[in-house]
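# Close look at the chain arrangement
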Amino acid sequence: MVFTPHGRHLIAGEWVAGEATFLSSPATGTPQAYYAGTQAHVDEAVSAAEDAFWTYGYLPRETRAGFLMAIAAEIEARADAITEIAVAETGLPAARMEGERGRTTGQLRLFAYHILKGDYLDRRFDEALPERKPLPRPEIRLMQRPIGPVAVFGASNFPLAFSVAGGDTASALAAGCPVVVKGHPAHPGTGEIVTDAILAAVKSTGMPPGTFSFIHGQDRLVGEALVQHPLIKAVGFTGSLFGGRALFDLCAARPEPIPFFGELGSINPVFILPEALAARGKAIAEGWAASLTQGAGQFCTNPGMLVLPVGVAGDAFIETAFAALEKVGPQTMLTDGIAEAYRRGKEKIAQSGAVSTVIATESEGRTAGPNVFAASVDAFLSNHTLSQEVFGPLGLVVRVGGLEEMLTVARGLEGQLTITLQLDKGDAPLAQALMPVLERKAGRILANGFPTGVEVCDAMVHGGPYPASTNFGATSVGTMAIRRFLRPVSYQNLPDDILPADIRP
């Protein structure tokens, strides 16, 4: 299939133009013009989503599952065109885009199967006890219900899996919530072709036209208008701490505050325990260097911090990592702005006076090379700059003298998406001592691997205490993500014929 972007927004089933335009900034190829979204576009899209909710939110689960399946099929029908546009816009390799497309269609189908099973409804029933003393008990049933229109923000670093048809959209649609997406300006053409696939699914399955809308947005005005619109009932966001916190505050300041499910920032510490270091130090160092620089470090689970024992084995670990990182050349980043932010973050740490340099590279334009710094425990704990995510292939090594210093570092961590333990059997007592602290700090704890790569499955948690995410009880990956867009409703003594079909006896 050949697809040429036209730059329009999709609103209530129609492609809509505007007045002002902005130019894309592709890694390769010619920039193209796209219409800039406005407050009027937002209001029209959200109003259409509210109208659609009265139908879409009450459709049988089987119908919604069929819609999700149709979206996946329409994305696959545009596979080659999606890859071509996404590679040109982001500079990411074709193999990465093909894998991400598979993840996107896979999670759409996963949510379809999930709602067909019905477990997510969390149905509960307390029978009436009319003879109970001193007071009778009424019959009470409980079920999860969709909350209404949801706003979703496309992510810069995952143009498919965390964007237009990504996990936030898939889980919201599965729950029964219409979606309005603000596309990311880093890949507007990719957003547009995926939107075209969703529109085709809307038409083929007979969904209300307001079930899904997409608005291009270059600046923050569209996003601010979305989160403040009184008909939006929740927001899904993946992005920077600065931008996400600003939107979170707007959601909280509304006359009707709404939940903001934001994934914001994480340095994803890796704890190297002594037995593992002695037995496998070289392999772990090489693996960490590869994970740190994978995709130019542009992953929310980039392992940006090492907690490493002092001593000869730790010194050898750093030498091995240094040798591996020296072989990594400059990599293209997703946008010029991300590359510039990476350079600023690197300089901020280098000039903090709290670190020594392990490896330093100079980056120009849209490229980035690896940079690694080392710090003492005291320096890490006393300088907040060292706890902040630098999006890209930047690592910090904190050297520790034993269990107590490892515990001190762990207790000093902010909330994280992931924490990794590199351990062997003899490290079990040390790991057991760390676990109560790590559980309070991260949404996912893993052993003997690296955190890049988030499995889409029932048991996954992709979230964590602030600032990793704004809601520690939620996940943006895995089937539990649907809970973000549901709320429990109790039904007391209602006649069977007016109860929702899914909870009737």
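Calculation criteria
- Residues numbered from 1 in each chain as written.
- Predicted model: local features only at pLDDT ≥ 70, side-chain atom pairs only at ≥ 80, totals over all residues.
- Heavy atoms only, no water.
- Buried < 20%, exposed > 50% of the residue type's maximum accessible area, 1.4 Å probe, protein only.
- Helix = DSSP H or I, 4+ residues; strand = E, 2+ residues; numbered from the N terminus.
- Pairing = 2+ DSSP bridges.
- Contact = heavy atoms within 4.5 Å.
- Salt bridge = Lys/Arg side-chain N within 4 Å of Asp/Glu carboxyl O.
- Arc of directions from axis to C-beta.
- Axes fitted to C-alpha atoms, helices over the stretch in contact; angles between N-to-C directions.
- Phe/Tyr/Trp six-rings, centres within 6.5 Å; stacked < 30°, edge-to-face > 60°.
- Lys NZ or Arg CZ within 6 Å of the ring centre and 35° of its normal.
- Expected span 1.5 Å × (residues − 1).
- Core = buried A, V, L, I, M, F, W, Y, C linked by side-chain atoms within 4.5 Å.
- 1 Å grid on protein atoms, 1.4 Å probe; cavity = no way out; pocket = protein on both sides within 12 Å on 5 of 7 lines; lining within 4 Å.
- Points joined across faces, edges and corners; volume = space filled by probe spheres on them.

This part takes up the pairing of strand 6 (residues 140-146). Taking burial as the measure, the seven residues of strand 6 include six buried ones, the bulk of the element. Sheet analysis places strand 5 (residues 124-126) next to strand 6, joined by three bridges and oriented antiparallel. Its bridge partner being in strand 6, Phe 125 is matched across the sheet by Arg 141. Pairing analysis gives seven bridges linking strand 6 to strand 21 (residues 486-492), with the strands arranged antiparallel. When the sheet's bridge partners are listed, Gln 144 is paired in strand 21 with Pro 488.

To continue, consider the side chain of His 187. Topologically, His 187 is positioned in the loop between strand 8 (179-182) and helix 6 (188-205). Among the residues examined, His 187 registers a relative accessible area of 3% and is labelled buried. Setting aside its immediate chain neighbours within four residues, His 187 contacts Glu 89, Thr 90, Ala 155, Ser 156, Pro 159 and Ser 163.

For the rest of this paragraph, the subject is the pattern of salt bridges. Applying the stated criterion across every chain yields a total of 19 salt bridges. Of the charged contacts in the structure, one is a salt bridge between Arg 61 and Asp 502, with a shortest N-O distance of 2.9 Å. One end of the pair, Arg 61, is in helix 2 (residues 61-77); the other, Asp 502, is in the segment after strand 21, and 441 residues separate them in sequence. Owing to a relative accessible area of 10%, Arg 61 belongs among the buried residues under this scheme. Take Asp 502: its relative accessible area is 24%, and that puts it in the partly exposed class. Arg 78 is the partner of Asp 196 in a salt bridge, and the nearest nitrogen-oxygen pair spans 3.0 Å. Taken together, the residues Asp 196 in helix 6 and Arg 78 in the loop between helix 2 and helix 3 (79-90) connect sequence positions 118 residues apart. Assigned by exposure class, Asp 196 and Arg 78 land together as buried. Three or more residues joined by partner-sharing salt bridges are found here, namely Glu 74, Arg 78 and Asp 196.

Right, let's get into helix 13 (residues 403-412). Those residues of helix 13 not exposed but buried are Met 406, Leu 407, Val 409 and Ala 410. In a view along the axis of helix 13, the buried residues occupy a sector of 160°, so they form one face of it. Looking at the buried residues of helix 13, the elements they touch are strand 12 (269-272), strand 13 (305-309), helix 12 (377-382), strand 18 (394-400) and helix 14 (428-441).

Residue Pro 134 is reached from Lys 133 by a cis peptide bond, and omega for that bond is 5°. With an omega dihedral of 10°, the bond running from Tyr 466 to Pro 467 counts as a cis peptide bond. Among the structural elements, Pro 467 can be located in the loop between strand 20 (442-447) and strand 21. For Ala 12, which is not a glycine, the phi torsion comes out positive at approximately 55°. Along the polypeptide, Ala 12 turns up in the loop between strand 1 (9-11) and strand 2 (14-16).

Taken in spatial order, the three strands line up as 5-6-21 in an open sheet, and their pairing is antiparallel. Since the sheet does not close on itself, it has two edges, and those belong to strand 5 and strand 21, each with one partner. Neighbouring strand axes in the sheet, compared pairwise and without regard to direction, differ in orientation by 25° on average.

Given two aromatic rings, their pairing is described by the distance between the two centres and the angle made by the two planes. Applying the stated criterion across every chain, the model contains 10 aromatic pairs. Where Tyr 56 meets Phe 67, the ring centres are 6.0 Å apart and the plane angle is 80°; that geometry is what we call edge-to-face. You can see Tyr 56 sitting in helix 1 (residues 39-56) and its partner Phe 67 sitting in helix 2, a full 11 residues away along the chain. By the burial criterion, Tyr 56 is buried, and Phe 67 matches it. Three or more aromatic residues link up through ring pairs in this structure, and these residues are Phe 153, Phe 237, Phe 248 and Phe 260. The cationic tip of Arg 96 hangs over the ring face of Phe 158; the distance from NZ or CZ to the ring centre is 4.7 Å. Across from the ring centre of Phe 261, 6.0 Å away, lies the NZ or CZ of Arg 484, which sits over that ring.

A rise of 1.5 Å per residue sets the reference length of helix 2, with its 17 residues, at 24 Å; its end C-alpha atoms lie 24 Å apart and thus fit the reference within 8%. Here helix 2 has its buried residues at Arg 61, Arg 64, Ala 65, Phe 67, Leu 68, Ala 70, Ile 71, Ala 72 and Ile 75. Packed against the buried residues of helix 2 are helix 1, helix 3, helix 4 (94-117), helix 5 (167-175) and helix 6.

Ranked by internal contacts, the top residues of the largest apolar core, which has 55 residues, are Phe 67, Val 194, Ile 198 and Phe 485. Judged by nonpolar contacts, the second largest core, of 41 residues, contains Met 97, Ala 354, Leu 413 and Ala 442.

This part takes up the side chain of Thr 105. Residue position: Thr 105 is located in helix 4. Beyond its immediate chain neighbours, meaning those up to four positions away, Thr 105 contacts Ala 72, Ile 75 and Glu 76.

We now examine the layout of surface pockets. Approximately 260 Å³ is the volume attributed to the second largest pocket. Lining the second largest pocket we find 17 residues, and of these Pro 5, Gln 32, Glu 84, Ile 85 and Ala 88 sit closest to its centre.

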